[in-house]
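A look at the structure
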Amino acid sequence: MRVLLSFLLLLFLVLASSAIRSSSSPVTDPFLGISPQDEKYYKSSSEIKCKDGSKRFTRAQLNDDFCDCADGTDEPGTSACPNGKFHCRNAGHSPLVLFSSRVNDGICDCCDGSDEYDGKVACSNTCWEAGKAARENLKKKIQTYNQGVVIRRKEIEQAKVGLDKDEAELKKLKIEQKILKGLVQQLKDRKEQIEKIEEKERLEKEKEEKERKEAEEAAQPGKGDGEEKTDGNEKVEGSTDGGEMPGVSQDDEILDENEHHDETGRYKDLDTDEESAAEAEPTSVLEEGTHNNPADQHVVETKEESPSSEDLIITAGSQHDGSTKKEESDEVKKVEEDIVSEKKEALSKEELGRLVASRWTGENSDKPSEADDSPKADEHENLEHTPTSPQEVEEDDGFVSDGDEETGDDGKYSDREPEDDTYEEEYRHDSTSSYKSDAEDDLDLSETTSSPTWLEKIQKTVKNILQAVNLFQTTPVDKSEADRVRKEYDESSSKLKKIQSRVSSLEKKLKQDFGPEKEFYSFHGRCFESKQGKYTYKVCAYKEATQEEGYSKTQLGGWEKFENSYQFMTYTNGDKCWNGPDRSLKIKLRCGLKNELMDVDEPSRCEYAAVLSTPARCLEDKLKELQEKLEKLMNQDQPQKHDEL
Amino acid sequence: MVSHGGTGKSSGFFWLNAAEMQIDVLAEGWDAESGGGDSRINTLWMSEAGIVDTFFFVGPEPKDVVRQYASVTGTSAMPQLFATGYHQCRWNYKDEEDVAQVDSKFDEYDIPYDVLWLDIEHTDGKRYFTWDSALFPNPEEMQKKLDVKGRRMVTIVDPHIKRDDSYFLHKEATEMGYYVKDSSGKDFDGWCWPGSSSYIDMLSPEIREWWGGRFSYKNYVGSTPSLYIWNDMNEPSVFNGPEVTMPRDALHVGGVEHREVHNAYGYYFHMATSDGLVMRGEGKDRPFVLSRAIFPGTQRYGAIWTGDNTAEWEHLRVSIPMLLTLGLTGITFSGADIGGFFGNPEPELLVRWYQVGAYYPFFRGHAHHDTKRREPWLFGERNTELMRDAIHTRYTLLPYFYTLFREANVTGVPVLRPLWMEFPQDEATFSNDEAFMVGNGLLVQGVYTKGTTHASVYLPGEESWYDLRNGKRYVGGKIHKMDAPEESIPAFQRAGTIIPRKDRFRRSSFQMDNDPYTLVVALNSSQEADGELYIDDGKSFEFKRGAYIHRRFVFSNGVLTSTNIAPPEASLSSQCLIDRIILLGHSSGPNSALVEPLNQKAEIEMGPLRMGGLVASSGTRVLTIRKPGVRVDQDWTIKIL
């Protein structure tokens, strides 16, 4: 009841005051639009100085709807000065500073409606609700920060443990690597020694054999080696075909896909010769046709004239010179002209249409179809990227937990287990894409490393072997001993390789920027995913970011760095865009309880943007700041607060 | 063709034909033999087909030629006020969120704009009159959100119709037989944005009428009264046709071959769309339709732009001769894409382009979808400030531009004029196409090269010129070397003119409606000046019934007088005041003025020449009549005491 009452009272006040305002003379309060801190400046004397020092004005000129000071000092409460600022108190909510241009422009900008007082619109006072909502939001935010800060602290601790572990492991591995290297070298020497002897034995045997054979077949002529050449010749001929034979007329020939494919290749080698093209009967075939062959998206022309390689469109010579190349529209016009001269019967009209369209779209010539739901569209969309096999199988990734996991703190896309396991799990994760073979090795490695004595065992074995073999230094080599040496060598050196690769990956990892408090340590080896429409975006920290659609994968960028004191993660030098820059991705990081990728967008062509919420960004300083802000709001709104409760 | 020679006299020749034509200009140097000496220039005109009408315009003044041409082809339509503001376009603002974001950024950076544009991607698969429901699920709400701030939206509608049996427009056009036919009599099938498309036969009045009906709120689902239209590809563009257009033997109504009417096709399309918007608004709302294709008479239907340009300095430079030429051929509501459509402008080029573009009659920023975003706030604080200032300059001059549009609407004399149109006797102006006049009062010199901070400007005539930024006076009839700092390109008010301004910056022209006026009186050597101000409701056709204010301001013998030059039946009232009168070149230092018939005194003091804007330019102080309190719709005199 009390709430309602005071609200009504407030409403009444608003109505009353707006009634007065609309009566005529614009500003009723001579100090309208002045912030409380500034009031002294205006009230101290009857003659007031423009803040830029340019002029003085009288009290009567204050808010008289005429701009005297270029900086707007004299008109804080009207729209007269373009550089002016209007302060609304917004009791019940936060004060707001507006551009003067918002005063009496018919739009309610201040929640208390104080910016509209000329009676043209009636603004209701919404500060109460807005303020309440804002405070609620702020409280929620603080709550998130409160929890986030705890998670972050934990992460930092875990990072310390993890890093120590990594470093310890690295140290240990380095020692092992050194020892093992020595052993491998010894084994290698021994192996080579054995092999030398074996080789000698073999040669001797061979010699004997040869002598025996030679004796048998006394004299035979040597063999020629010319036969193979024919092959090479053919190839050469094939590749020069197109270039050397401009007269070949293929007017009525409709190239099948394979032939056409060949043409594409050949055509690139051709010389530019615009003039000859004008006279020659051009037969340009614009390919894209059956949509089966993604590589065939571009134009093919079976004439000698040829565009610069970037042009893709063939420009037959015309009476115009080619000097306006830079302007694409001109090029298009040129294309038009070519087209006239061409026998359009020989073209697929659709192909030509797509091709010309591509001059604007800058994409594949079939870009327009992308939007028209034709079954081709999806396939062709991939053309700019590496043409992976266009199978229709829906991608089924391991990250099904998309979005809804509510288990809290652990990153929802993370397949990692408790921190103790980090190394092994992470390593496996890292390896999945590019280091597959190593990955398995590393599993072995980790198993072996778990037993502290494995190295000693090896050492012992090697010693035994070496000693054993030593006994048989004279020929002939003992077969079983030699095999043992070889086997031991193979095993040890492969183990060494594993250790070396592990060492280098650890070293690489430790060089990464994990943030001032190593709060991003847990990002290492982790990927975050977001599904948006037909695309799945996958962001792997310290590695790469991709956009996946079915089996087609486009790299949005390789890991670059954190920016703006860890507010952004950037990925650069992704796959090249058809007409644009190399793809890149900039991810804004913000405090959240889970690592969650969202709002992936492409504001400019091939420049992607996204948001990643993460506890790593729940900074304690920021929390303090928010708390202070809330406190201020609560204090300032004392009367309302009372009512609220 | 307009000729203008050393005698200072002009004449014109108009060859009316819509087929392909060739014009040989046999001027000096056109071949080896022609040589010089003969002041005569021969031209040779050839048309492929059709009827030819020819007209001679005898002048003798350049403006007379333009008037005479307009008497044959029509004068330019009176645009709505919003259309003379700044337009923000891009291929493409992607979705409703993007639109909201861009809109709010203009407010955040205090940059006014009037229209946000949506290119082809807003449609459902390039089916015009539809919306991509994933990206634009609530188009009406989106338009309303802009409309609340007085901002409009423009969507694109092209003449190629997607051949898709489930597309209502295609179905209807097919059933009604409204498509252009190929030579065999079947519906012509060509390739454009949507893929396989057919083209509405705009040559038929019946079909145009039907087309116009597509724009009703009922037929164009998701459209609202604040939505206007952009006609692109109306040459017509056919990607797989000869010369990227329709085959010459395609057939229009009555069996007319396309070759005979090709150049008029886009004009008729523009006409049909424009008339459709008039129908939609029940004759109460002036249409706004931007077209790419043009033909004599296009000026009666809306604005045009110069097509797909490139982000290069040369393209900025050449935009001026292009627009001047268009103006001479009657089409004054024209502009080039600010920043260049293709490619990424460096910030300096973009800033210079805004500074020049602020004086284009049609002022729109646009960009290809392969380019980086380039809205004015994306290039750092300083560049934002510079672009904001350029756009503000345009907005302060809107009353002047609007008055000039009215002049063009009545007489056909263009808003943007070559110098020789104002100074026909001054031979030094004849080949100058880097500077231009806005009306008779402003001369603007663009900066067209990178890294330039100086400019040589030829100021014609015997009277002086006043620098728009600092009020500095330059004598006429000579070349001046001057600074052209990054803040501005050189621009001058001609002595002897009075230019009306509105100095308050708002979100859009809509909110400026009630703002007071400033008059800038630039006195000539006889201490005289005059100028005009035209005001109407900015949107309806009521002005045709006399609902407008047209004032003439004359300063003479120390008295500034406002008189009505509208016919007696004209009537519109306005509460707007003239609250600031700036006197440039006044010989003495008066300190008060007598305002009649109020019989009140107004103070004269030194005030800023320009409100707001960049600090560097707002420091100048000039003689200012403070708050004379006179209304813009009334007769009054102000006597300098």
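Residues numbered from 1 in each chain as written. Chains lettered and ligands numbered in written order. Predicted model: local features only at pLDDT ≥ 70, side-chain atom pairs only at ≥ 80, totals over all residues. Heavy atoms only, no water.

This is how the line gets drawn: UniProt positions are given in the numbering used here, feature names are shortened, and annotations may be inferred rather than shown by experiment.
In the annotation of an unreviewed UniProt entry, chain B is listed under the name Probable glucan 1,3-alpha-glucosidase and assigned to Brassica napus. Word for word, the UniProt comment on chain B under Sequence similarities (unreviewed entry) is "Belongs to the glycosyl hydrolase 31 family."

The name given to chain A in an unreviewed UniProt entry is Glucosidase 2 subunit beta, with the source organism recorded as Brassica napus.

**A word on the interface of chain B and chain A**
We apply this condition: Here a residue-residue contact requires only that any non-hydrogen atoms of the pair lie within 4.5 Å. What gets called buried area is simply the loss in accessible area from a 1.4 Å probe that two parts show on being joined, summed for both. A pair is scored as a salt bridge if a Lys or Arg side-chain nitrogen falls within 4 Å of a carboxyl oxygen belonging to Asp or Glu. In DSSP terms, a helix is any run of H or I states spanning at least four residues, a strand is any run of E spanning at least two, and both are numbered starting from the N terminus. Throughout, the ten residues Ala, Val, Leu, Ile, Met, Phe, Trp, Tyr, Cys and Pro are labelled nonpolar, Asp, Glu, Lys and Arg are labelled charged, and all others, Gly among them, are labelled polar.
Counting residues at the interface gives 55 residues for chain B and 57 residues for chain A. For the pair chain B and chain A, the summed buried surface comes to about 4800 Å²; carbon and sulfur atoms form 50% of the total. Per-residue buried area on chain B facing chain A is highest for Trp-191, Asp-370 and Arg-507 of chain B; these three make up 14% of the total on that side. Between chain B and chain A we count 11 salt bridges in total. The residue Arg-504 of chain B makes a salt bridge to Asp-65 of chain A at a minimum N-O spacing of 3.0 Å. Those elements that place two or more of their residues in the side of chain B that touches chain A are α2 (96–108), β32 (577–584), β34 (600–608) and β35 (621–631) of chain B. Examining the composition of the side of chain B that touches chain A, we find that 4 residues originate from one element, β35 of chain B, more than from any other. For the side of chain B that touches chain A, the class distribution of residues is 14 nonpolar, 14 polar and 27 charged.

**Some thoughts on unusual backbone geometry**
A cis amide bond links Glu-235 of chain B with the next residue in sequence, Pro-236 of chain B, at an omega value of -5 degrees. The residue Pro-236 of chain B is located in the loop between β12 (227–231) and β13 (251–252) in this model. A cis amide bond, omega 5 degrees, links Glu-596 of chain B with the succeeding residue Pro-597 of chain B. Tracing the sequence through the fold places Pro-597 of chain B in the loop between β33 (592–596) and β34. Notably, Asn-564 of chain A is not glycine yet its phi reads approximately 50 degrees, a positive angle. On the secondary structure map, Asn-564 of chain A appears in the loop between β10 (552–563) and β11 (568–573).

**Some words on empty space enclosed by the protein**
Unfilled space is identified by rolling a water-sized probe across the atoms. Stated precisely, the cut-off is as follows: Here the term cavity refers to a set of points on a 1 Å grid, laid over the protein atoms alone, in which a 1.4 Å probe fits but cannot get out; the term pocket refers to an open set having protein on both sides within 12 Å along at least five of seven lines, with lining residues being those that place an atom within 4 Å of a point. Grid points are joined across faces, edges and corners, and a volume is the space filled by probe spheres set on the points.
Applying the stated criterion to the full structure yields 15 cavities of 30 Å³ or more. When its residues are assigned to classes, the lining of the largest cavity shows 9 nonpolar, 3 polar and 4 charged.

**Quick look at the pattern of salt bridges**
Put simply, the rule is: The buried label goes to any residue with under 20% of its type's maximum accessible area, the exposed label to any with over 50%, and the partly exposed label to all in between, with areas taken from a 1.4 Å probe on protein chains only.
Following the criterion strictly, the structure yields 84 salt bridges over all chains and no others. Between Glu-195 of chain A and Lys-191 of chain A there is a salt bridge, with its nearest N and O atoms 3.8 Å apart. Of this pair, Glu-195 of chain A and Lys-191 of chain A both sit in helix α3 (residues 127–216), 4 residues apart, which is roughly one turn of the helix. Taking the relative accessible area as the measure of exposure, Glu-195 of chain A reaches 28% and is therefore partly exposed. Counted as one network, the salt bridges with shared partners bring together Asp-105 and Asp-109 of chain A together with Asp-103, Asp-107, Lys-149, Arg-151 and Arg-507 of chain B.

**A short note on the side chain of Arg-417 of chain B**
Residues and elements named next belong to chain B. Rules: Under this definition, polar contacts are N or O atom pairs within 3.5 Å; protein pairs additionally need one hydrogen-donor-capable and one acceptor-capable atom, and for neighbouring residues in sequence, both atoms have to be side-chain atoms.
Among the structural elements, Arg-417 can be located in strand β19 (residues 416–417). There is a polar contact of 3.0 Å between the side chain of Arg-417 and the side chain of Glu-407. Non-local contacts of Arg-417, meaning those with residues more than four positions away in its chain, are made with Lys-63, Leu-324, Leu-404, Glu-407, Glu-422, Phe-436, Met-437, Gly-439 and Asn-440.

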